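# Structure at a glance
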Amino acid sequence: MSVLVFAETQNNKIKKSSFEPIGYGRKLADLMGVECQAIIVGTAENASDAGLYGAQSVIHVNHGASVNFDCINYSKIICSVAKEKGAKVIVFSHSSSGKGLAAYVATKLSAGIVSGVNSLPTVEGQVLKVSKSVFSGKASANFSIDSEIKVITLAGNTIKPDSGGTPATIEQMEIVLDAPKMNVLSTKRQEGTVPLPEAELVVSAGRGMKDPANWNIIEDLAKTIGATTACSRPVADTGWRPHHEHVGQTGVAIRPNLYIAIGISGAIQHLAGVNNSKTIVVINKDPEAPFFKAADYGVLGDLFDVVPRLTEALKKLES
Amino acid sequence: MKLLVCISKTPDTTAKISFVENNTAFNTDGVQYIMNPYDEWYALVRAIELKEAAGGTVTVINVGPASNDIVIRKALAIGADDAVRIDTDPTSSMDTASQIANYAKDQNFDIIFTGKETIDYNGAEVAGMIAAMLDLPFVSFASKLDQDGDSFKVTRDIEGGIEEIGIQGPFVVSAAKGLAEQRIPNMRGIMMAKRKPMNIIPPVTVENHVTVDDYTLPVEKAGVKMIDPENMDELVRLLKEEAKVI
Ligand SMILES: Cc1cc2nc3c(=O)[nH]c(=O)nc-3n(C[C@H](O)[C@H](O)[C@H](O)COP(=O)(O)OP(=O)(O)OC[C@H]3O[C@@H](n4cnc5c(N)ncnc54)[C@H](O)[C@@H]3O)c2cc1C
Ligand SMILES: Nc1ncnc2c1ncn2[C@@H]1O[C@H](COP(=O)(O)O)[C@@H](O)[C@H]1O
């Protein structure tokens, strides 16, 4: 019996963001008194690193280059492994690919599913109790899952991954697959920066910037601490910034450790995507800006003065 | 082309959220409901555009009680041809998906559209479930979908980027931002909607494995700590020593 964690790969490596669900899976496995196993599909040079973060073994299904990411084949792989290993809970990342795949797998296994879980679960006999944020972060819902097999997707930045474990043993498995029903024609990724949904530090700016040419001060600040940049919706809509930076109800929902909001008023639709951030800093010249109510630290002032000063202060810290 | 669009009803983001019966039930009193934006702005409009370009029909489906008819009428006013409502208050995403899959299984839809997620529970579950139940391929978070001969080209959001794929119908797709431009229903659409067919269908029985025990309200923030704009060293110190985030 096991807790099975689906570890996503990119560029032939387990993604950094997949170490967190592995650590979470281990904590859950310990609670249940079962083993924590990671499953990796495709090539991962760092497969044994799954052990450092808590996996007791790794199941490696190397399908070669013949299968694109598609739910049918990936779910077939995960379901076969789950059945063979007697998985009780399967944990996915709450990521673009994790979400859809989790729902597909849960259906095939008649498993109850809760997605976007954001705290450690409790186990009561056959029942798993988990929580997630609902209604744009205005409440948490507490769920019971009572199926034989349970599926959850884990929201990012829920626990701190701890790399104190030992490298895991790797078991190879072969699974026969059908030809995929979709072909990837092209892939475009922003290189060099951590994608927003996975970012721990985010620097975000809004209409208070006045002009896209002013974004150099935002980029300087972000670079100083290795943060990912984000923006409010009107900024993306008017083409000042690319759409993938748009956070909020209709954009990306994030929960970084630090969210610095610069020249953003803090409309409820914006807050809906960011108010699960651990620490929020707001820089705004209007004392009535609603964002201050959602902030941990506020700076009342002109962003064009404050932001460069903050960057300087951070540089001092770095050196 | 025969297209199905799954539409849902959610509280408006600005709605005040509270709970009753010892925090076990959502308080619907005075809550303003809307059609889920991903369903209305992107999934529905793109389906209508495809129909306008290539001919065919757009059916909208909702799993819910009669009080949902108002959002169904809106979908018809925007341009759907007919509607189906499965008459039950779903208990979980699995319930919703089972009802939709059961209806769609012998209807030969070319594409089944859903929204990326509902904005109240952010499940992003229903689409993948329908696909699994019908053994169809599933394309998540599409921001572009075009017909390309007898197949389709779809651009979807992946972690930190986008991916373009080629796929043949039938398939299930969930709609993300960018798939279409929002349409506002006009007077003629609203009048025509009144005469469009709406079929009410009884639900099938679905085993449920997920229940909400109760809700908790978030712990209030301690209140904002204001920092002197001249003293950014102090902010950096607090972020390092108090918040421990840098
Ligand atoms: C259905 C719906 C969905 C939506 N979804 C989203 C969403 O997902 N994400 C989103 O962001 N918005 C969304 N919106 C829009 C949202 O309601 C707000 O309009 C938007 O967030 C405002 O963007 P802003 O804060 O950048 O601009 P503004 O509201 O114009 O605020 C600019 C702020 O900058 C401050 N400022 C100006 N100059 C300076 C200066 N020199 N120094 C310091 N501060 C300065 C001002 O005081 C002000 O607070 C949605 C709206 C609707 C109706
Ligand atoms: N009650 C419902 N009736 C019809 N479609 C629904 C219903 N609930 C959810 N959906 C569809 O499934 C999508 C994703 O919902 P969810 O998985 O709950 O986030 C929505 O955007 C809708 O398209």
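Now for a description of the structure that goes with this document. (Residues numbered from 1 in each chain as written. Chains lettered and ligands numbered in written order. Predicted model: local features only at pLDDT ≥ 70, side-chain atom pairs only at ≥ 80, totals over all residues. Heavy atoms only, no water.)

### Details of the sheet that holds strand β18 (residues 297-300) of chain A
Reading across from one edge, β15(A)-β14(A)-β16(A)-β17(A)-β18(A)-β15(B) is the order of the six strands in this open sheet, with parallel pairing throughout. The open sheet has two edge strands with one neighbour each: β15 (228-231) of chain A together with β15 (225-227) of chain B. Between one strand and the next, the sheet's axes are offset by a mean angle of 20°, whatever the strand orientation. Bridge count between strand β17 (residues 279-284) of chain A and β18(A): four bridges; the pairing is parallel. Among the inter-strand pairings, N284(A) is bridged to a residue of β18(A), identified as L300(A). On top of the sheet, helix α8 (residues 303-318) of chain A reaches β16 (258-262), β17 and β18 of chain A; it is set at about 135° to β17(A), its chief contact. (Pairing = 2+ DSSP bridges. Helix = DSSP H or I, 4+ residues; strand = E, 2+ residues; numbered from the N terminus. Axes fitted to C-alpha atoms, helices over the stretch in contact; angles between N-to-C directions. Contact = heavy atoms within 4.5 Å.)

### Looking at the nonpolar core
Core analysis: the biggest nonpolar cluster contains 51 residues, and I39(A), I90(A), F92(A) and I112(B) have the highest contact counts within it. With seven residues, the top contributor of residues to this core is helix α3 (residues 71-85) of chain A. Contacts of F92(A), omitting those with residues within four sequence positions, involve F6(A), I78(A), G98(A), L101(A), A102(A), V105(A), V151(A), I152(A), T153(A) and L154(A). With 41 residues, the next largest nonpolar core counts A7(A), V34(A), V117(A) and Y215(B) among its residues. (Core = buried A, V, L, I, M, F, W, Y, C linked by side-chain atoms within 4.5 Å. Buried < 20%, exposed > 50% of the residue type's maximum accessible area, 1.4 Å probe, protein only.)

### Section: the site of ligand 2
Residue and element names in this part refer to chain B. The immediate surroundings of ligand 2 are formed by 18 residues, with C6, D39, V63, A124 and E125 found nearest. The separation between an oxygen atom of ligand 2 and a polar main-chain atom of C6 is 2.7 Å. Contacts to ligand 2 include A124, whose backbone N or O atom sits 2.8 Å from an oxygen atom. Burial of ligand 2 by the protein chains amounts to 93% of its free accessible area of 490 Å². Among the elements that make up the shell around ligand 2, the one with the highest residue count is strand β6 (residues 57-63) (three residues). Its residues assigned to classes, the shell around ligand 2 shows seven nonpolar, eight polar and three charged. (Near = heavy atom within 4 Å. Polar contact = N/O pair within 3.5 Å; in protein donor to acceptor, adjacent residues only side chain to side chain. Areas by Shrake-Rupley, 256 points an atom, 1.4 Å probe, with all protein chains shown as cover. Nonpolar A, V, L, I, M, F, W, Y, C, P; charged D, E, K, R; others polar.)

### Regarding a nonpolar patch on the surface
Together, L300(A), V224(B) and M226(B) line one region of the surface with nonpolar side chains, adding up to about 220 Å² of accessible area. The topology assignment puts V224(B) in the loop between β14 (210-216) and β15. (Patch = residues over 30% accessible without salt bridge, like charges linked within 9 Å, V, L, I, M, F, W, Y side chains within 5 Å. Salt bridge = Lys/Arg side-chain N within 4 Å of Asp/Glu carboxyl O.)

### Looking at the environment of D81(B)
Residue and element names in this part refer to chain B. By the element assignment, D81 lies in the loop between α2 (69-78) and β7 (82-86). Setting aside its immediate chain neighbours within four residues, D81 contacts K51, G56, T57, V58, L76, K196 and P197. Engagement of the side chain of D81 in a polar contact is seen with the side chain of K51, the distance being 3.1 Å. At a separation of 2.8 Å, a polar atom in the side chain of D81 contacts the main-chain amide nitrogen of V58.

### Topic: the packing of helix α4 (residues 96-108) of chain A against helix α4 (residues 126-134) of chain B
As a packed pair, α4(A) and α4(B) sit with axes 7 Å apart at the nearest point and diverge in direction by 40°. When the interaxial angle is binned, α4(A) and α4(B) end up oblique. Along this stretch, α4(A) crosses α4(B), giving a crossing that reads as right-handed. Here G100(A), A103(A), Y104(A), T107(A) and K108(A) of α4(A) lie close against α4(B), whose contacting residues are G128(B), M129(B), A131(B), A132(B) and M133(B). Considered class by class, the residues forming the contact of α4(A) with α4(B) number six nonpolar, three polar and one charged. (Parallel < 35°, antiparallel > 145°, perpendicular 65-115°, else oblique. Left-handed = near helix turned anticlockwise from the far one by under 90°.)

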